[in-house]
Amino acid sequence: MFTKYFFLKNNLHNSNRTAVITENNIKISYSLLFKDIKNYSKYIHKNTILLILSDNSYNTLVVYLSCIYNKTLPIFLDKNIRSNKLEGIIKKFNPNYIWSSSNIKTLEAKYCKKNISEQSILFQSIYFYNHKLDPKIALLLSSSGSTGSFKFIKISYKNIKHNTKTISQYLKLDKNDKTIINLPFNYSYGLSLINTHLLVGGKILLTKNSILSKEFWNTFKNFKPTNFNGVPYTYELIAKLYLNKIDFSCLKFITQAGGKLNKDLIKKLIITSRKYNFKFYMMYGQTEASPRISYLNPNLIEEKIGSIGKPIKGGKIWLEDENNNIIKRPYREGELIYKGPNVFMGYAKNIKDLDTKYINSNILRTGDIAEYDSDKFYFIKGRKNRYSKIYGNRINLEEIENIFLKYKYPIVCSIKDNYLNIYCEKYINSKDLLNMLKKNTTIPINRCRVHIIKKIPRNNSGKVIYNKLDANNVGQ
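The following refers to the structure shown.

1. Overview of the sheet that holds strand 21 (residues 378–383)
- If you trace the four strands from one edge of the open sheet to the other, you get 17-18-20-21, paired in antiparallel fashion. Both edges of this open sheet fall to strand 17 (316–320) and strand 21, since each of them pairs with a single strand only. With strand direction ignored, the average angle separating the axes of adjacent strands in the sheet is 50 degrees.
- Direction of pairing for strand 17 relative to strand 18 (residues 334–339): antiparallel, over a ladder of five bridges. What sits directly across from Glu 320, in strand 18, is Glu 335.

2. Observations regarding the sheet that holds strand 24 (residues 412–416)
- The three strands lie next to each other as 24-25-26, forming an open sheet whose pairing is mixed. If you trace the sheet from one side to the other, it starts and ends with strand 24 and strand 26 (448–452), each paired once. Geometrically, the sheet is characterised by an average inter-axis angle of 25 degrees between neighbouring strands, direction not taken into account.
- The pairing of strand 25 (residues 419–424) with strand 26 spans five bridges and is parallel. Bridge pairing links Ile 422 to Val 450 in strand 26.
- Sitting on the sheet, helix 9 (residues 397–406) is in contact with strand 24 and strand 25, with an inclination near 145 degrees to strand 24.

3. Quick look at the nonpolar core
- Ranked by size, the top nonpolar core spans 103 residues in total, and within it Leu 33 and Phe 248 carry the most contacts.
- Here the element with the most residues in this core is helix 2 (residues 58–70); it accounts for nine residues.
- Every residue in contact with Phe 248, bar those within four places of it in the chain, is listed here: Trp 217, Phe 220, Ile 238, Tyr 242, Leu 243, Thr 272, Tyr 276 and Phe 278.
- Of all hydrophobic cores here, the second largest spans 25 residues; its members include Ile 75, Ile 90, Phe 123 and Phe 150.

4. So, helix 2
- Taking 1.5 Å per residue, 13 residues should reach 18 Å; helix 2 reaches 18 Å between its end C-alpha atoms and fits that length.
- Looking at the residues trailing helix 2, positive phi occurs at Lys 71, about 60 degrees.

5. Topic: the pattern of salt bridges
- Following the criterion strictly, the structure yields ten salt bridges and no others.
- Taking the shortest distance from any N to any O, the salt bridge between Glu 108 and Lys 113 comes out at 3.8 Å.
- Judged by relative accessible area, Glu 108 falls into the partly exposed class, the value being 39%.
- Judged by its relative accessible area of 39%, Lys 113 is partly exposed.

6. Side note on the pairing of strand 12 (residues 227–230)
- Neither face of strand 12 is open: one carries Asn 227 and Asn 229, the other Phe 228 and Gly 230, and all of them are buried.
- When strand 12 meets strand 13 (residues 253–256), the two strands line up parallel, connected through four bridges. By the bridge assignment for strand 13, Asn 229 is matched with Thr 255.
- Between the parallel pair strand 12 and strand 13, the chain is carried across by helix 7 (residues 232–241), and the sense of this crossover is right-handed.

7. Looking at the side chain of Thr 196
- Considering the arrangement of structural elements, one finds Thr 196 in helix 5 (residues 188–199).
- For Thr 196, the side chain forms a polar contact with the main-chain oxygen of Leu 193, separated by 3.2 Å.
- Apart from residues no more than four positions distant in its own chain, Thr 196 is found in contact with Thr 164, Ile 167, Ser 168 and Leu 173.

8. Regarding helix 8 (residues 263–276)
- In a regular helix each residue adds 1.5 Å, so 14 residues correspond to 20 Å; helix 8 covers 20 Å between its end C-alpha atoms and thus fits that length.
- Listed in full, the buried residues belonging to helix 8 are Leu 265, Ile 266, Leu 269, Ile 270, Thr 272, Ser 273 and Tyr 276. Along the long axis of helix 8, the arc covered by the buried residues comes to 165 degrees, so they all point the same way. Away from the buried face of helix 8 by more than 90 degrees, exposed residues Asp 264, Ile 271, Arg 274 and Lys 275 are located.

Here is what the cut-offs are and how they apply
Residues numbered from 1 in each chain as written. Predicted model: local features only at pLDDT ≥ 70, side-chain atom pairs only at ≥ 80, totals over all residues. Heavy atoms only, no water. Pairing = 2+ DSSP bridges. Helix = DSSP H or I, 4+ residues; strand = E, 2+ residues; numbered from the N terminus. Axes fitted to C-alpha atoms, helices over the stretch in contact; angles between N-to-C directions. Contact = heavy atoms within 4.5 Å. Core = buried A, V, L, I, M, F, W, Y, C linked by side-chain atoms within 4.5 Å. Buried < 20%, exposed > 50% of the residue type's maximum accessible area, 1.4 Å probe, protein only. Expected span 1.5 Å × (residues − 1). Salt bridge = Lys/Arg side-chain N within 4 Å of Asp/Glu carboxyl O. Right-handed = clockwise from strand over helix to strand, strands pointing away. Polar contact = N/O pair within 3.5 Å; in protein donor to acceptor, adjacent residues only side chain to side chain. Arc of directions from axis to C-beta.

Distances and angles like these do not, on their own, reveal function.
Written out as structure tokens, the structure is:
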């Protein structure tokens, strides 16, 4: 049972090799990690639901891995989720357990509290929920955390196994690799870093420090990771503050996913990679693909600058036009379609969706508009249904517009250069708009801009012409 549903190798069970360096700088061997996983699994039952309020801590790691080991279904949420959002999710999914690193008094009416350790608290429901769960589902990850409209992505054990193995292979990871987990656990990219490094017997360092802090870069200097990973915003900050100040000679490679990097920044990172002799992997994926879909061979990063590359091993990519016909000629735009064994098991909006025997076609309609060149390298051109990403978080622009409509503020939104741009036809205090955004979403305010424009451009049918917004921008 242990190896069937667990992606850590048997030969590491008794190894004294360091697996984890905790946020408190404590070294944890693989044997101790396995021991902690087994011990924690005794507190939770199989075929139950455990909601994890996660942070980048060792305790969160142990709880996650215990769930995988024990066949307990984890729902990943950020620890800082607003209480009203948490209450809504609890009502929809009736979790048997809720885990947190700190006490939550509002839970005590319906959950019994058990202090596993100082910063590991397990709340067990006073009601015994005998949930009917599809045994193939390994975990649930949020599909849209920016607006609070939670819909969860059902990831299977097969999905995790395939993507973890494939990513490890193309990155050529081995037991000597080590990385800093600077991305959130509840984000599929961050979780894949954990999975891949533990699979090969590598080493992970956990940190809650921001990449803006001196503490983070002191840790980087002392730890000397073999690889570094980030979303576009990560590299934007590094380029502004640290690119010419930090010694990156310890790196074997860096990876980037979670959105589109602008070409100027790509060129800066290419120059840095040459200076310090490390490889630069540009990758593309979605949480629905567990999460990797494609990557660009770092030897071609200049020749195919801006490309998402080609599909991962076992996967297939093609484009379809508006009539769902396959596009067979290069430089023609269409929706990017992916097929592979890492495609998710569907969405879950409530507990009933976890019993559905989903017939997985292994096909994912990504919603991204792309084209390919004469060598069949793919390039993302935009979003079909107005989803976009900031700092790796996927954002539904239509939902944001609807939030402002509730306050009777007719605005339209677009994403450009990793900023959320808010456009208004009449003067509205920008601070009021940003405060509303902060109150209703988790979008970083420093990634938002408010613009007053003369007229919102629309076509004859009244639909907004988004690519003309900037032409009408008079600024604020």
